[in-house]
Amino acid sequence: MKPAAACLALMLNCPLLAIAEAGPALYRLFLEQAAPTDCIEVDIDLSHGETALTTPEVLRYPLRGKEIAEGWSWPDSTSRDLDYYRYKYLPLASESEDGQRYQAEDKIGEPQTMTERWRYDYFLAFANYAAFVASDDDAALVIPLPPGTESVKLGLHAEACLTPPVTRESTTFWKATHAAPVDLTLKKRYLVGELTAIHVVDLDDGRRLASLKPRPPQPIDKKESKHD
């Protein structure tokens with residue numbers, strides 16, 4: 001958060017104003033830095049994938065199915081009891097651009113125009129999701145809402161402290177066919193860090209209305225030994 005915004009919010013005796021950055025801009029910025037240790041606040045893209053479910057009392061954002069299965073995300077060593085899916089993700093943005101067009105004949109005797117297209121999907125990858133998700137809530141971020149939010153247009157921001165290497169990327173290519181005449185190159189781009197908070201914000205004025213912080217580590221029950 002920028003200090004000026006925090007001071008203004010305190011002077012006005014109102015909830016802190018949310019200062020969030022766009023995922024693509026942050027990715028490009030940190031891609032050029034060797035080992036940043038910055039903490040960020042970034043917009044969660046609610047227009048792609050899962051939608052947040054709200055009632056007058058609570059906002060639920062599903063995390064089920066948001067496991068990352070990329071080469072960089074697998075653990076270095078394996079065992080029967082190890083969870084291979086170390087990271088979950090939050091969507092940040094999706095961009096696409098078209099390149100050149102060319103003539104090709106994927107189906108014999110039927111030439112057609114093919115298009116080169118690049119799509120860039122941006123995500124926040126984090127491994128400490130257990131600190132935000134209770135074991136019995138079906139893998140969702142559950143945030144209690146204050147009274148009076150029924151008519152407010154809500155958004156979500158994520159706070160995270162980045163951990164080097166902070167940027168990761170994977171590339172998948174689909175060749176154009178007669179049925180789908182597009183050469184599609186998909187690049188998934190990740191900012192990697194430790195999640196520190198989720199904020200519900202008013203999209204009209206940028207106020208933070210509610211926040212979800214990590215739960216403290218749960219103590220491990222020590223089993224009594226038969227030899228004690």
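Computed from a prediction, not measured in an experiment: that's the story for all the values here.

Colleague: If you had to explain the overall build of the chain to someone new, which residues and values would you point to?
Modeller: Of the regular secondary structure elements, the chain holds two helices and nine strands. Along the chain, helices (α) and strands (β) appear in the sequence α-α-β-β-β-β-β-β-β-β-β when read from the amino end. When each of the 228 residues of the chain is scored for burial, the buried share is 37%. When the accessible surface of the chain is summed, it comes to about 13,900 Å², and 53% of that surface belongs to carbon and sulfur atoms.

Colleague: Give me the lowdown on the pairing of strand E4 (residues 88–107), citing residues and values where you can.
Modeller: Bridge count between E4 and strand E5 (residues 110–126): 15 bridges; the pairing is antiparallel. Bridging from a neighbouring strand, proline 91 pairs with phenylalanine 123 of E5. The hairpin turn running from E4 into E5, its antiparallel successor, is two residues long, and glycine 109 in that turn takes a positive phi close to 85°.

Colleague: Before we move on, can you summarise the nonpolar core with the specific residues and values?
Modeller: Ranked by size, the top nonpolar core spans 36 residues in total, and within it Leu90, Leu141, Leu191 and Ile198 carry the most contacts. Discounting chain neighbours no more than four positions away, the residues touching leucine 141 are Leu59, Arg60, Tyr61, Leu63, Leu90, Phe132, Val133, Ile198 and Leu212. Ranked by size, the runner-up nonpolar core spans seven residues in total, among them Ile68, Tyr87, Ala125 and Val192.

Colleague: Just give me the short version of the packing of aromatic side chains, but keep the residues and values in it.
Modeller: Per the stated rule, a full pass over the model turns up five aromatic pairs. Centroid distance tryptophan 72 to tyrosine 190: 5.2 Å. Interplanar angle 65°. Geometry classified as edge-to-face. Note that tryptophan 72 is positioned in the loop between strand E3 (58–62) and E4 and tyrosine 190 in strand E8 (residues 182–202), a separation of 118 residues in sequence. Each member of the pair, tryptophan 72 as well as tyrosine 190, carries the same accessibility label: buried. Between phenylalanine 123 and tyrosine 190, the aromatic rings sit 5.2 Å apart at their centres with planes inclined by 25°, giving stacked as the arrangement. Placement of phenylalanine 123 in strand E5 and of tyrosine 190 in strand E8 is noted, with a sequence separation of 67 residues between them. A relative accessible area of 3% places tyrosine 190 in the buried class. Among the aromatic residues, ring-to-ring pairing joins Trp72, Tyr87, Tyr89, Phe123 and Tyr190 into one connected group.

Colleague: Which residues make up the sheet that holds strand E2 (residues 53–54), and what are the values?
Modeller: As summarised here, the arrangement of the three strands in space is E2-E3-E6, forming an open sheet in which the pairing is antiparallel. In the strand order of this sheet, the two ends are held by E2 and strand E6 (140–144), each with one partner. When E2 meets E3, the two strands line up antiparallel, connected through two bridges. Bridged to threonine 54 within E3 is leucine 59.

Criteria and thresholds
Chains are numbered independently. Their residues run from 1 in the order of the written sequence. Where totals are concerned, whole chains, interfaces and linings use all residues; where local detail is concerned, this predicted model gives features only for residues with pLDDT of at least 70, and gives and counts side-chain atom pairs only at 80 or more. Values shown for side chains rest on all heavy atoms present in the structure; no hydrogens or waters enter the calculation. Helix numbers and strand numbers start at the N terminus; a helix is a DSSP run of H or I with at least 4 residues, a strand a run of E with at least 2. When a residue's accessible area, from a 1.4 Å probe over protein chains only, is under 20% of the maximum for its type it is buried; when over 50% it is exposed; and in between it is partly exposed. In this description, accessible areas are obtained by the Shrake-Rupley approach with a 1.4 Å probe, and a residue is regarded as covered only by the protein chains that are shown. DSSP bridges decide pairing: two strands pair if at least two such bridges lie between them. Among the buried residues, those of types Ala, Val, Leu, Ile, Met, Phe, Trp, Tyr and Cys that are joined through side-chain atoms within 4.5 Å form a nonpolar core. Contact criterion: two residues are considered in contact whenever any of their non-hydrogen atoms come within 4.5 Å of each other. When two rings of Phe, Tyr or Trp (its six-membered ring) have centres within 6.5 Å they constitute a pair, described as stacked for plane angles under 30 degrees, edge-to-face for angles over 60, and tilted for the intermediate range.

All we've got here are geometric facts, nothing functional implied.
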